[in-house]
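# Architecture and fold: a report
Next come the chains, spelled out residue by residue.
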Amino acid sequence: MSLSHIVLASGRRIRLTQLRMSSTYAGMLEGYPCKRVNDRKVEWLQRDAERAYSSLPVHVVPPVRAYPDERAGAFGPVEVLPSVFCVGVFDSAPLDPAMDGSSLVVAWFQPAPEVPTGEDADPALRGVAWEELAEDYEL
């Protein structure tokens, strides 16, 4: 059973079969969002997805970074990522017709805790290069 279907920019239809969402800055006790903190969050997200889904390829969609405050603090300018990070397992038709399907784990950031769906999904998520990143599987 799929949680949703997404149409990629390439026209390929993919199915979301698992989804984890978390608050981007949950647990941040001191400091403020800045480039160094955000780079670590993106790296952690990649490593966490690779550990959780070690048998599947993982791709992190580069997040949009906002700079709401022109003043720099001790750690540099304020830099904010979208408020929710997501890890989704997707599958689709096979890349090689001799196989049964293809799959890819995608990690991304988005502004609200909503399940991406259809052609309304975030453009960066819809831009995933499935044919280059996904791997085929056999049942």
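Whatever comes next refers back to the structure up there.
Below: a short report on this structure. As the structure is a computational prediction, the values presented were derived from the model and not from experiment. (Residues numbered from 1 in each chain as written. Predicted model: local features only at pLDDT ≥ 70, side-chain atom pairs only at ≥ 80, totals over all residues. Heavy atoms only, no water.)

## Examining the nonpolar core
What counts, and what does not: Residues belong to one nonpolar core when they are buried, are Ala, Val, Leu, Ile, Met, Phe, Trp, Tyr or Cys, and are joined through side-chain atoms within 4.5 Å. Partly exposed describes any residue whose relative accessible area lies between the buried limit of under 20% and the exposed limit of over 50%, with all areas from a 1.4 Å probe on protein chains only and scaled to the type maximum. Helix and strand assignments follow DSSP, with helices taken as H or I runs no shorter than four residues and strands as E runs no shorter than two, numbered in order from the N terminus. We call two residues in contact whenever any of their non-hydrogen atoms come within 4.5 Å of each other.
Formed by 16 residues in total, the largest nonpolar core has its most connected members in I6, F90, V106, W108, L125 and W130. Elements with a contribution of two residues or more to this core: strand 2 (13–23), strand 6 (84–92) and strand 7 (101–110). Beyond its immediate chain neighbours, meaning those up to four positions away, I6 contacts R12, R13, I14, F90, P116, T117, G118, A121, L125 and R126. Of all hydrophobic cores here, the second largest spans 14 residues; its members include L45, Y53, V60 and L81.

## Here we look at helix 1 (residues 35–52)
Our working rule: What a helix should span is 1.5 Å times the count of its residues minus one. Arc, as used here, means the arc of the directions from the helix axis to the C-beta atoms.
The end-to-end C-alpha distance of helix 1, which contains 18 residues, comes to 26 Å, matching closely the 26 Å that a straight helix rising 1.5 Å per residue would cover. The set of residues buried in helix 1 consists of N38, V42, L45, D48 and A49. Summarising the axial view, the buried residues of helix 1 lie within an arc of 130°, below the 170-degree limit, and thus occupy one face. Away from its buried face, by an angle of more than 90 degrees, helix 1 presents the exposed residues R40 and R51. Each element contacted by the buried residues of helix 1 is listed here: strand 2, strand 3 (58–60), strand 6 and strand 7.

## Looking at a nonpolar patch on the surface
This is how the line gets drawn: Within the patch definition used here, like charges are joined within 9 Å and nonpolar side chains (Val, Leu, Ile, Met, Phe, Trp, Tyr) within 5 Å, considering only residues with over 30% relative accessible area and no salt bridge. For the accessible areas, the method is Shrake-Rupley and the probe is 1.4 Å, while residue cover comes only from the protein chains on display. A pairing counts as a salt bridge when a side-chain nitrogen of Lys or Arg comes within 4 Å of a carboxyl oxygen of Asp or Glu.
A cluster of nonpolar residues, L3, M21 and V115, forms a patch on the protein surface that exposes about 240 Å² of accessible area. Structurally, V115 can be placed in the loop between strand 7 and helix 2 (123–126). The class of V115 is partly exposed, set by a relative accessible area of 44%.

## Overview of the pairing of strand 7
Selection rule: Here, a strand pair is defined by DSSP locating no fewer than two bridges between the strands.
With 10 of its 10 residues buried, strand 7 lies for the most part within the structure. Alternating positions in strand 7 separate into two faces, G101, S103, V105, A107 and F109 on one and S102, L104, V106, W108 and Q110 on the other, with burial throughout. In the sheet, strand 3 pairs with strand 7 via three bridges, with the strands oriented parallel. Bridging across to strand 7, H59 finds its partner in V106. In this structure, strand 6 lies alongside strand 7, joined through nine bridges in antiparallel fashion. For D91, the partnering residue across the bridge sits in strand 7 and is S103. Where strand 7 meets strand 8 (residues 135–137), three bridges bridge the pair, whose relative direction is antiparallel. When the sheet's bridge partners are listed, S103 is paired in strand 8 with E135.

## Digging into the pattern of salt bridges
By the definition in use, this model includes seven salt bridges. Notably, a salt bridge pairs K35 with D39, separated by 2.9 Å at the nearest N-O pair. In this pair, K35 and D39 both sit in helix 1, four residues apart, roughly one turn of the helix. With a shortest N-O distance of 2.7 Å, E79 and R65 are connected by a salt bridge. Here E79 is found in the loop between strand 5 (76–77) and strand 6, whereas its partner R65 is found in the loop between strand 3 and strand 4 (72–73), with 14 residues between them in sequence. Take E79: its relative accessible area is 2%, and that puts it in the buried class.

## Here we look at the side chain of S102
With respect to the helices, strands and loops of the structure, S102 is situated in strand 7. Residue S102 is classed as buried on the basis of its relative accessible area of 0%. Beyond its immediate chain neighbours, meaning those up to four positions away, S102 contacts R12, F90, D91, S92, A93, P94, L95, W130, A134, E135, D136 and Y137.

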